Amino acid sequence: MDIRKETIFQDTAKLTIGDLSVELPVITGSEGEKAIDISSLRNQTGFITMDPGLGNTGICTSRITFMDGEKGILRYRGIPVEELAEHSTFVETAYLLINGMLPTRKQLNSFSVQLNDQSLVHEDMKGFYQNFPPRSHPMGILSSMVNTLESFYPILKKSETREEEINITLTRIISKVRTMAAMSYKISRGHKVVYPRPDLCYCGNFFNMMFDSPVRPYQVDENAIKALNVFWILHADHEQNCSTSAVRLVASGRVNIYAAISAGIAALWGPLHGGANQAVIEMLEAIQADGGNIRPFVERAKDKNDPFRLMGFGHRVYKTYDPRAKIIKKTADMLFEKMQVSDPLLDIALELEEVALKDNYFIDHNLYPNVDFYSGIVLRTLGIPTNMFTVMFALGRMPGWIAQWKEDADNPKWRLYRPRQIYTGNKTNHYVPIGERA
Ligand code: ACO
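Per chain, the residues get numbers from 1 upward, laid out in the order the sequence is written. Note on the predicted model: pLDDT of at least 70 is required for a residue's local features to be given, and 80 or more for side-chain atom pairs to be given and counted; whole-chain, interface and lining totals, by contrast, use all residues. Just so you know, side-chain values use all the structure's heavy atoms and leave hydrogens and water out.

## Some thoughts on the environment of Leu115
And then number 1: Numbering of helices and strands starts at the N terminus; helices are DSSP runs of H or I of at least 4 residues and strands are runs of E of at least 2. Its place among the elements puts Leu115 in helix H4 (residues 105-117).
And then number 2: Each C-alpha atom of the pair Leu115 and Tyr202 lies 8.3 Å from the other, and the pair is 87 residues apart in sequence.

Okay, here's the thing in structure tokens:
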């Protein structure tokens, strides 16, 4: 059948399928992005659309995050991520994402007090951590434990209004995941758990819970705190990526928010997504162990018969340098200078970037470093163990997942996500008793 798509980018798009012609509404975003609304397509024509990988499919309109992959733009609630990384804190940015505006001083104080009030986790949760086998990956543990929060902190209390209940639940998640991640680390090392301290900021508190010990008490380091704030701000949201879509999809069945966030953590774990920050360091270490020669790795990444890819390179949306990668690279430089340390993996990363950016394969495929390329170097410098890198990403992404969940939950037209398919299997077949089968 002859199918022609004729798009009039005004109010409607005209779709012609053989003799049938339908007008479909065009939605225009505040930055001029356009979408053809096909929600009535099947009813009108019997057709569905096909878009494996969903590269051309919008699943929602959203007021939270804007990104332009061609120009390398990322803004939260309209504010460029560069400005937030320079001037804001993770807690303030979390408030911005969830509530839609920067907080007043009073609102920020009250948000911080709520985060402090929610920072302890139930003592019985320690037992769960102690019973994970020692080789368990911290992302699997975090995903399971966030799901478990529902048993310890049920969502609804009759006395609370929905607004209050939501605020308590959201701050509870943001605050407790940080405690849980540090607790998991301490228990995995066989060390005593360190409790949150209300006198420390969100990032300082995390460092204290991770690294304070009777033999080496934690010393506040403002450079490390700045670097962690930047790292978490850069990871706080990224519109409809794999894990955020997972949160929205799972939540659309009206499951509790902890289960939806737990699904987001599971989705983030993969090496093509958030797990890339761990994979980058493992790749740089492999190059180092191989004598530091990057050429064979670049050649392997280009070889279609080899599944190897340059980790930390490429992005579904960015077809230019990821703006977050520029900022995190500067943060690495700042840390090295202030802490007077160096890392041979940074030299390998710099050389790899230089070679790849001049290579025709990477130029033709628009492959540039993404946020994960340098973020592992920053996390290493901050003393975070490699297997916890993706957990660090997940902690940063909490406000984004929550804001995206809330946007759906507040939408009176919120529907169950239920994609379709085109079946290509057997036509009607009949059951044959086992003794009669050929
Ligand atoms: N190294 C080598 N080739 C690559 C790379 C890479 N890192 N990334 C993409 N390509 C090539 C593919 O082989 C393909 O080539 P072809 O068209 O000649 O067959 C082409 O570029 C397009 O690749 P796709 O996989 O179709 O692109 P997609 O948009 O689906 O993938 C992704 C994006 C998954 C991020 C990909 O670039 C990749 O695997 N990168 C490495 C993993 C990584 O760094 N992930 C982190 C992403 S950022 C984040 O999630 C936080």
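## What to know about helix H14 (residues 323-339)
And then number 1: Any helix carries an expected span of 1.5 Å times its number of residues minus one. In a regular helix each residue adds 1.5 Å, so 17 residues correspond to 24 Å; H14 covers 25 Å between its end C-alpha atoms and thus fits that length.
And then number 2: In this scheme, a residue with accessible area under 20% of its type's maximum is buried, one over 50% is exposed, and one in between is partly exposed, where area comes from a 1.4 Å probe on protein chains only. Listing the buried residues of H14 in full gives Pro323, Arg324, Ala325, Ile327, Ile328, Thr331, Ala332, Leu335 and Phe336.
And then number 3: Whether two residues are in contact is decided by their heavy atoms: any pair within 4.5 Å suffices. Against strand E6 (73-76), helix H2 (81-87), helix H9 (222-234), helix H15 (344-358), helix H17 (371-381) and helix H18 (389-409) lie the buried residues of H14.
And then number 4: Where H14 ends, the next residue or the one after it, Gln340, has phi of about 50 degrees, a positive value.

## What to know about the site of the ligand
And then number 1: Close contacts around the ligand come from 20 residues, with Arg309, Leu310, Gly312, Arg316 and His365 the closest.
And then number 2: Shrake-Rupley sampling with a 1.4 Å probe provides the accessible areas, and residues are treated as covered by the protein chains on show and by no other component. Summarising the interface, the protein chains cover 75% of the accessible area of the ligand, which totals 910 Å² for the free molecule.
And then number 3: Residues were grouped as follows: Ala, Val, Leu, Ile, Met, Phe, Trp, Tyr, Cys and Pro as nonpolar; Asp, Glu, Lys and Arg as charged; and all remaining residues, including Gly, as polar. Its residues placed into classes, the shell around the ligand shows ten nonpolar, six polar and four charged. Summary of the distance rule: residues count as near a molecule or strand when at least one heavy atom falls within 4 Å of that molecule or strand.

## As for the packing of aromatic side chains
And then number 1: Centre distance within 6.5 Å is the pairing criterion for rings of Phe, Tyr and Trp, where only the six-membered ring of Trp is used; planes under 30 degrees apart are then read as stacked, over 60 as edge-to-face, and the remainder as tilted. Tallied over the entire structure, the rule returns 15 aromatic pairs.
And then number 2: Plain terms: the ring middles of Tyr95 and Phe111 are 5.4 Å apart, the flat faces sit at 80 degrees to each other, and that makes the pair edge-to-face. Within this pair, whereas Tyr95 is found in helix H3 (residues 90-99), its partner Phe111 is found in helix H4, the two being separated by 16 residues in sequence.
And then number 3: Between Phe206 and Phe207, the aromatic rings sit 6.3 Å apart at their centres with planes inclined by 50 degrees, giving tilted as the arrangement. With respect to class, Phe206 is no different from Phe207; both count as buried.
And then number 4: By the ring-pair criterion, three or more aromatic residues cluster together here, those being Phe90, Tyr185, Tyr202, Phe206, Phe207, Phe211, Tyr218 and Trp232.
And then number 5: Only Lys NZ and Arg CZ are tested; either one counts as a charge over a ring when it is within 6 Å of the ring centre and within 35 degrees of the ring normal. Above the ring of Tyr153, the side-chain terminus of Lys176 is found at 4.6 Å from the ring centroid.

## A look at the nonpolar core
One broad rule of soluble globular proteins: the nonpolar side chains tend to lie buried together.
And then number 1: Residues grouped as a nonpolar core are buried Ala, Val, Leu, Ile, Met, Phe, Trp, Tyr and Cys residues, joined through side-chain atoms within 4.5 Å. Within the largest apolar cluster, 121 residues are counted, with the highest numbers of intra-cluster contacts made by Phe206, Trp232 and Leu284.
And then number 2: Tallying contributions element by element places H18 first for this core, with twelve residues.
And then number 3: Leaving out residues up to four positions away in the same chain, Trp232 has contacts with Phe90, Tyr202, Cys203, Phe206, Met392, Leu395 and Gly396.
And then number 4: Ranked by size, the runner-up nonpolar core spans five residues in total, among them Leu15, Val22, Leu24 and Leu41.

## Topic: the pairing of strand E2 (residues 12-17)
And then number 1: DSSP calls a pair of strands paired once it identifies at least 2 bridges connecting them. Direction of pairing for E2 relative to strand E3 (residues 20-28): antiparallel, over a ladder of six bridges. Paired with Ala13 across the bridge in E3 is Leu24.
And then number 2: Counted along the chain from E2 to the antiparallel partner E3, the turn is two residues long, and its residue Gly18 has a positive phi close to 60 degrees.

## Details of the packing of helix H10 (residues 242-251) against helix H11 (residues 257-268)
And then number 1: Viewed as axis vectors pointing N to C, H10 and H11 meet at an angle of 150 degrees, and their least axial separation amounts to 8 Å. If you check the angle between H10 and H11, you find them roughly antiparallel. The handedness of the crossing between H10 and H11 is right-handed. Here Cys242, Ser243, Ala246, Val247, Val250 and Ala251 of H10 lie close against H11, whose contacting residues are Ala259, Ala260, Ile261, Ala263, Gly264, Ala267 and Leu268. For helices, the fitted axis covers only the stretch in contact; all axes are lines through C-alpha atoms, and the angles between them, taken along N-to-C directions, range from 0 to 180 degrees. Here the angle decides the label: under 35 degrees means roughly parallel, over 145 means roughly antiparallel, 65 to 115 means roughly perpendicular, and every other value means oblique. By convention the crossing between two helices is left-handed if the near helix lies anticlockwise of the far one by an angle smaller than a right angle, and right-handed if it lies clockwise.

## Side note on the side chain of Thr390
And then number 1: You can see Thr390 is positioned in helix H18.
And then number 2: With a relative accessible area of 0%, Thr390 lands in the buried category.

## Considering H3
And then number 1: Along H3, nine of the ten residues are buried, which leaves the element largely enclosed by surrounding structure.
And then number 2: Those residues of H3 that sit buried are Phe90, Val91, Glu92, Thr93, Ala94, Tyr95, Leu96, Leu97 and Ile98.
And then number 3: In the stretch just after H3, Gly100 is the one whose phi turns positive, near 90 degrees.

## Points about the packing of helix H8 (residues 202-211) against H9
And then number 1: Orientation of H8 relative to H9, taken along the N-to-C sense of each, is 110 degrees, at an axis distance of 9 Å. With respect to each other, H8 and H9 are oriented roughly perpendicular. Taking contact as the criterion, the partners of Tyr202, Cys203, Gly204, Phe206 and Phe207 in H8 are, on H9, Ala224, Ile225, Leu228, Asn229 and Trp232.
And then number 2: In terms of residue class, the contact of H8 with H9 is made up of eight nonpolar, two polar and no charged.

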